[in-house]
Amino acid sequence: MIALVDCNNFYVSCERVFQPRLEGVPVVVLSNNDGCLISRSDEAKALGFQMGEPYHLARPRLREHNVRVFSSNYPLYGDLSRRVIRVLSEFTPEVDVYSIDESFLNLAGFRYHQPDLAAYAARIRKTVLEHVGIPTCVGVAPTKTLAKMANRLAKKQHERVLTLGTSEQQQAALQATAVADVWGIGRRYGHKLQELGLTTAADLAAMPEGWVRRHLGGVVGVRLWQELHGRPCLDFDPEALEDEPDRPSRRHSVAHTRSFGRPQSAPTVLSEAVASFVARAAEKLRRHGLAAHVLTVLVGTDRHAPTAGPKTYTAVTTLPTATDDTGTLTRAALHRLRQLLRPGTAYHRAGVVLSGLEPAGQAQLGLFTQTPEQLLRNQQLMSRLDALNGRFGKDAVRYAAAGLSNEQWAGRRQLCSPGYTTDWYNLWNIRA
């Protein structure tokens with residue numbers, strides 16, 4: 001059996017941990033640069049606020065309903081996510097982190113010493129709430145797809161826990177789930193299946209395997225169909241607790257992009273911003289033991305401007321050797337950036353994407369690339385750089401190309417809460 005633990009309205013719940021007076025109050029959290037709504041409390045959802053709704057359009061209604069608004073505080077959310085994962089690891093040695101607010105738990109064999117998995121799931125939920133302060137929903141089922149379905153249905157129950165341990169329970173869940181809501185179907189296939197007369201997950205599960213293979217993407221669709229029948233087909237990938245929930249080893253690229261607090265046209269400022277983004281992306285590469293073959297630099301103008309033409313401009317570099325070295329990646333990125341910039345153009349956002357990922361240290365050397373001795377020195381330099389920043393704080397040591405401050409290009413975070421667990425200066429002061 002597999003349990004899926006999903007943190008409820010996670011970003012809002014993180015804000016409420018340190019501000020209990022927000023319980024029962026409508027709350028929303030904004031995206032980078034205070035652009036749009038990315039997390040809503042149940043009270044805010046009941047008022048009709050939509051995921052992704054632009055903040056500047058929603059602002060009058062937010063004020064009308066006295067909704068509390070917060071800028072995103074990702075260091076705080078990431079820290080609380082790691083705390084949740086550590087609590088979950090007390091219940092099983094195998095925790096597969098799916099996202100910052102969702103984790104699969106492998107409960108295989110637990111029926112021998114925990115015959116009542118519903119009670120065990122309720123205990124998991126209670127412990128996370130007591131130890132971290134984050135409310136969760138827990139769905140338990142034989143496969144990941146069914147566990148995802150059970151979790152979705154658990155949100156509608158008072159106990160916030162649902163176990164699909166019998167074929168009757170699984171069939172009831174299939175009938176109660178729209179086919180478009182099945183994990184892995186997506187909007188395009190959901191629309192296609194509805195046109196073919198399938199409205200529920202039970203309808204899809206009842207179709208023959210050959211039909212599924214023909215209409216649902218071949219082998220991938222058959223695996224999903226098998227999961228709906230309670231036969232596991234998705235690998236269980238235990239996650240090391242110190243890793244980030246969105247580790248890049250699960251993806252084909254690492255990206256770091258940001259919108260600016262105000263438009264920027266000065267090449268120096270844009271170069272410092274891109275160099276800072278490269279440093280962040282390279283840190284992720286090294287943290288997960290990866291190296292990148294391809295670097296993409298992007299800059300963007302105002303999406304809402306009436307002028308015709310592209311709003312995002314990109315330049316791609318294929319590196320001679322896969323690398324995780326910040327200096328090498330920065331030089332390549334700034335070279336491409338200079339080719340992209342147009343005099344007098346105001347840019348609203350920029351970023352870098354590292355792709356062509358492979359395990360670090362396995363790249364084939366070229367005739368005109370660095371020698372093994374030079375590569376070793378670079379690796380040692382990056383190791384010292386990460387160690388110093390880990391000890392003294394992010395950007396304690398940085399490349400000069402990134403500048404001394406991000407004040408000119410930093411995004412808006414005018415409504416950000418304190419870093420209660422991530423900043424010494426924001427720790428609570430308790431007077432007895």
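Here the structure is shown first, and the text comes after it.
Rules of the game
- Residues numbered from 1 in each chain as written.
- Predicted model: local features only at pLDDT ≥ 70, side-chain atom pairs only at ≥ 80, totals over all residues.
- Heavy atoms only, no water.
- Patch = residues over 30% accessible without salt bridge, like charges linked within 9 Å, V, L, I, M, F, W, Y side chains within 5 Å.
- Areas by Shrake-Rupley, 256 points an atom, 1.4 Å probe, with all protein chains shown as cover.
- Salt bridge = Lys/Arg side-chain N within 4 Å of Asp/Glu carboxyl O.
- Helix = DSSP H or I, 4+ residues; strand = E, 2+ residues; numbered from the N terminus.
- Buried < 20%, exposed > 50% of the residue type's maximum accessible area, 1.4 Å probe, protein only.
- Pairing = 2+ DSSP bridges.
- Axes fitted to C-alpha atoms, helices over the stretch in contact; angles between N-to-C directions.
- Contact = heavy atoms within 4.5 Å.

Peer 1: I'd like to hear about a nonpolar patch on the surface, residue by residue, with values.
Peer 2: Taken together, the side chains of Leu 388, Phe 392 and Val 397 present a nonpolar region at the surface, about 270 Å² in accessible area. For Val 397, the position within the fold is in the segment after helix 14 (372-392). With relative accessibility at 34%, the residue Val 397 sits in the partly exposed group.

Peer 1: Report on the pattern of salt bridges, specifying residues and quantitative values.
Peer 2: This structure, assessed with the given rule, holds 10 salt bridges. Here Lys 155 ties to Asp 6 by a salt bridge, and the two come within 2.5 Å at their closest N and O atoms. One end of the pair, Lys 155, is in the loop between helix 6 (144-154) and strand 8 (161-163); the other, Asp 6, is in strand 1 (residues 2-7), and 149 residues separate them in sequence. Residue Asp 6 is classed as buried on the basis of its relative accessible area, which comes to 8%. Arg 83 is the salt-bridge partner of Asp 79, the closest N and O atoms lying 2.8 Å from each other.

Peer 1: Outline the sheet that holds strand 9 (residues 253-264), supporting the account with residue identities and numerical values.
Peer 2: Pairing within the open sheet is antiparallel, and its four strands lie in the order 9-12-10-11. Edge positions in the sheet fall to strand 9 and strand 11 (312-323), since each has one partner strand and no second. Averaged over all neighbouring strand pairs, the angle between strand axes comes to 15°, with direction disregarded. Note: strand 9 against strand 12 (residues 347-359), eight bridges, orientation antiparallel. Considered in strand 12, the bridge of Thr 257 is made with Gly 351. Contacting strand 10 (290-300), strand 11 and strand 12, helix 13 (residues 326-340) runs over the sheet at an angle of about 150° to strand 11.

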